[in-house]
Amino acid sequence: MSNDAQTSTLTDGFHLVIDALKLNGISNIYGLPGIPVTDLTRMMQAEGMRVISFRHEANAGNAAAIAGFMNGAKGVPGVCLTVSAPGFLNALVALANATTNCWPMILISGSSEREIVDLSQGDYEEMDQLAIAKPLCKAAFRVLNAEDIGVGIARAIRAAVSGRPGGVYLDLPAKLFSQTMDAAAGKASLIKVVDPAPRQIPAPESITRALNLLKGAKKPLILLGKGAAYAQADKDIQALVEKTGIPYLPMSMAKGILPDTHPQSAAAARSFVLPEADVVLLIGARLNWLLSHGKGKTWGGKDHKDWGGQKFIQIDIASTEFDSNVRIDAPIAGDIGSCVSAMLAGIGNSWTKPPADWTNAINDKKTKNIAKMAETLAKDPKPMNFHSALNVVRDIFKAHPDTLLVNEGANALDFTRSIVDMYKPRKRLDVGTWGVMGIGMGFAVAAAVESNQRVVAVCGDSAFGFSGMEVETIARYNLPVCVVIFNNNGVYRGTDVNPTGGADVAPTVFVKDARYEKLMEAFGGVGVYAQTTAELRKGIEDALKSGKPTLINAIIDETAGTESGRITSLNPAAALKK
Ligand code: OXT
Ligand code: ADP
Ligand code: MG
């Protein structure tokens, strides 16, 4: 047989990985090339996949994680590709974060020779990556033989997107890529995953129990979490809220499932509705720290661990979530789409709306808070503060509701959440369950790549620094991303001083008046130095019009922020004052 004839009947590990991913509808790869995956990235591109190459794997990992949030409900996880040991470790934080947030992501890392690693003989980038990944993700697999690549990728996809979504690690040792096998047998070994995230229909009695509880409520409340946004059951969720007439509160990444301006939104009366509500329906939201564990003063409890007296109905795909913090009186286990539609069927067309004294009391509180906020937003101080700058961003999102918003920081995060209204689902992407800094540029890249829409990333100056080098990535791929840095010269504020009077600045303080916009200019994008709301407005509007990679350095009063933003109470203060 000639060499040509021989190659045409063979395939190898590289091609089987690519074919398996493509067969399962995975077309975007977020990664960073190097030994042993450099050729894999080249061949992926040659085979028509979009390979987005980052400057640091943490950012590639964050991109894959948020791609998973955006597309997981359609059965497609986000995929990150890295080199061995250090590259793998760099991406691991994103894999752990994806798992914590219940986002489907697959981290594929090349790894060193098993025989050498297992005998600790000191291979290039030696590390037992599978063992390290295992406790930090939902599932972890290693493929040693080319004929198992199809199964390995199928298992990774199913593990990531089915049930409670999460991160999956797939270990591909260097030797695997050049293994050859008969092309026809290779093709036959691939698996197209059928129904990757099967529906999980709730038990009818769980729906009846929940509806009975909800019917008896005098002060019902619906709490929408990012699981509800993830599930892409938008129409049914909107119908449930509107047919029942129950006020709802969106968690931060659930903003926009219904427009934030919806008359039933209780977001502007948060601290009123939580302690007052008597029956709370949680849809894709956990009673974790962000909801004060469902008890304590936030919920009207007498002390910080006391139950406030609410009854809870919880819709979640993971039954293990129920009772994790307080008793769940009516658990509904299933996927949100199926559970909400079953509730809608049970509600029919004759649901009695909540008592008017409840909805009126919420509206009173809301109106007062919104009026107070409007007063603050109308001010235009020099230098800008968070409110005046965000008033600009708020107007822009109102005019461009399809734009995606990436958001990180402390004050830059908290003020944005309450000031900038979202009008459509899955448009707000932020620090999530861990409150993790550094997601900014990775999320912004994936948001642009996956949605083909404009992206505005509002980042604190500290937060931005964690992934700042990726402005080169944004410029390189010419992505329509406008990064807005809220530059207050530091972490929370720029005003701390070194109590010793020494030459070092305080730990929370940065170089004053840093010219971040020049970073984007260095790579051919647009840099804007914005000291006024007019300059900020023009900068963002121009960026949205042109679609050019833009970085706006928005100068914010360095005294404006508070320690840890809205979560100051979680910051331990020294009991002993020296
Ligand atoms: O009802 P009340 O009266 O209470 O009012 C509420 C609403 O009713 C009202 N509201 C409205 N009023 C009028 N109109 C409208 N439309 C409206 N909407 C709402 O507003 C208030 C507030 O509403 P909200 O937000 O809904 O309610 P609340 O009480 O805040 O909700 C509670 C929470 C817990 C749900 C919420 O606060 C929340 O989601 N918080 C998330 C907090 C978070 O995750 N923070 C990030 C972490 S902070 C810290 O860890 C940081 N680090 C350390 C670090 C991290 N994180 N990661 C890594 C890898 N390394 C280190 C660092 C380094 S932050 C940070 C950098 C900070 O510096 P930057 O320079 O980046 O940022 P700046 O601070 O800007 O300088
Ligand atoms: P938030 O921070 O917005 O409150 P969480 O991340 O705490 O949201 O909660 C999301 C919840 O949604 C998780 O408990 C997860 O199991 C659940 N979830 C995710 N996807 C689905 C789905 N398709 N159907 C049902 N529950 C889901
Ligand atoms: Mg700051």
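Owing to the predicted nature of the structure, the values given are computational and were not obtained by experimental measurement. All residue numbers refer to position in the chain's written sequence, counted from 1. Each chain takes a letter, starting from A, and each ligand takes a number, starting from 1, following the order in which they are written. Given that the model is predicted, a residue must reach a pLDDT of at least 70 before its local features are reported, and side-chain atom pairs must reach 80 or more before they are shown or counted; all residues, however, enter totals for whole chains, interfaces and linings. Excluded from the side-chain calculations are hydrogens and water; all other atoms, namely the structure's heavy atoms, are used.

Caption draft 1: The arrangement of the sheet that holds strand β14 (residues 404–408) in detail. Strand pairing follows a simple DSSP-based rule, namely that at least 2 bridges must link the two strands. A helix here means a DSSP run of H or I that spans at least four residues, while a strand means a run of E at least two residues long, and both kinds are numbered starting from the N terminus. Pairing is parallel across the open sheet formed by 6 strands, whose spatial order is β15-β14-β16-β17-β19-β18. Where the open sheet ends on each side, the last strands, each with one partner, are β15 (428–430) and β18 (526–530). Sheet twist, expressed as the mean angle between neighbouring strand axes with direction ignored, is 15°. As paired elements, β18 and strand β19 (residues 550–555) share 5 bridges and run parallel to each other. Bridge pairing in β19 places Tyr529 opposite Asn553. Together, β14, β15, β16 (455–460) and β17 (481–487) form the strand contacts of helix α18 (residues 411–419), whose direction differs from that of β14 by roughly 140°. Each axis is a line fitted through C-alpha atoms, and for a helix only the stretch in contact is used; angles between axes span 0 to 180 degrees, taken between their N-to-C directions. It only takes one pair of heavy atoms within 4.5 Å for two residues to be counted as in contact.

Caption draft 2: Representation of the coordination of the magnesium ion (ligand 3) within the structure. With water excluded from the atoms, a metal site may look incomplete; its donors are any N, O or S atoms within 2.8 Å, or within 3.2 Å for Na, K and Ca. The protein atoms that coordinate the magnesium ion (ligand 3) are Asp461 (OD), Asn488 (OD1) and Gly490 (O), at distances spanning 2.1 Å. Relative accessibility decides the category of a residue: with a 1.4 Å probe and only protein chains considered, values under 20% of the type maximum give buried, values over 50% give exposed, and everything between is partly exposed. For Gly490, a relative accessible area of 2% gives the class buried.

Caption draft 3: A look at the site of ligand 2. Neighbouring ligand 2 are 20 residues, the closest being Arg164, Lys226, Arg286, Asp316 and Ile336. Here a polar contact is recorded for every N or O atom pair within 3.5 Å, except that within protein the pair must consist of a potential hydrogen donor and a potential acceptor, and residues adjacent in sequence are included only if both atoms are side-chain atoms. Here an oxygen atom of ligand 2 and a side-chain polar atom of Lys226 are 2.7 Å apart. When ligand 2 sits alone it has 580 Å² of accessible area, and the protein chains cover 96% of it. It is helix α12 (residues 226–230) that provides the largest number of residues to the shell around ligand 2, a total of 3 residues. Gly counts as polar in this scheme, as do all residues outside two lists: the nonpolar Ala, Val, Leu, Ile, Met, Phe, Trp, Tyr, Cys and Pro, and the charged Asp, Glu, Lys and Arg. Along the lines of polarity and charge, the residues of the shell around ligand 2 split into 9 nonpolar, 6 polar and 5 charged. We call a residue near a molecule or strand when any one of its heavy atoms sits within 4 Å of it. The protein chains shown are the only cover counted for residues, whose accessible areas, like all others here, come from Shrake-Rupley with a 1.4 Å probe.

Caption draft 4: Summary view of the side chain of Thr433. Looking at the element boundaries, Thr433 is found in the loop between β15 and α19 (440–451). At a separation of 2.7 Å, a polar atom in the side chain of Thr433 contacts the side chain of Lys226. For Thr433, the side chain forms a polar contact with the side chain of Arg286, separated by 3.4 Å.

Caption draft 5: Representation of the domain arrangement of the protein within the structure. According to the domain assignment, the protein contains domain 1 (10–189), domain 2 (204–362) and domain 3 (379–555). Contacts between domain 1 and domain 2 engage 16 residues on the former and 11 residues on the latter. Throughout, the accessible surface (probe 1.4 Å) given up by two parts as they are put together, summed over both, is called the buried area. Area buried by domain 1 at its contact with domain 2 is led by Phe69, Ala73 and Arg164, which between them contribute 54% of it. Salt bridges, as used here, are contacts in which a Lys or Arg side-chain nitrogen is within 4 Å of a carboxyl oxygen on Asp or Glu. Linking domain 1 to domain 2 there are 2 salt bridges. Where Arg164 meets Glu321, a salt bridge forms, and the shortest distance between an N and an O atom there is 2.8 Å. On inspection of domain 1 and its partner domain 2, the count reaches 5 residue pairs in polar contact (both at pLDDT 80 or more). Residue ranges for the domains originate in an automatic or database domain assignment.

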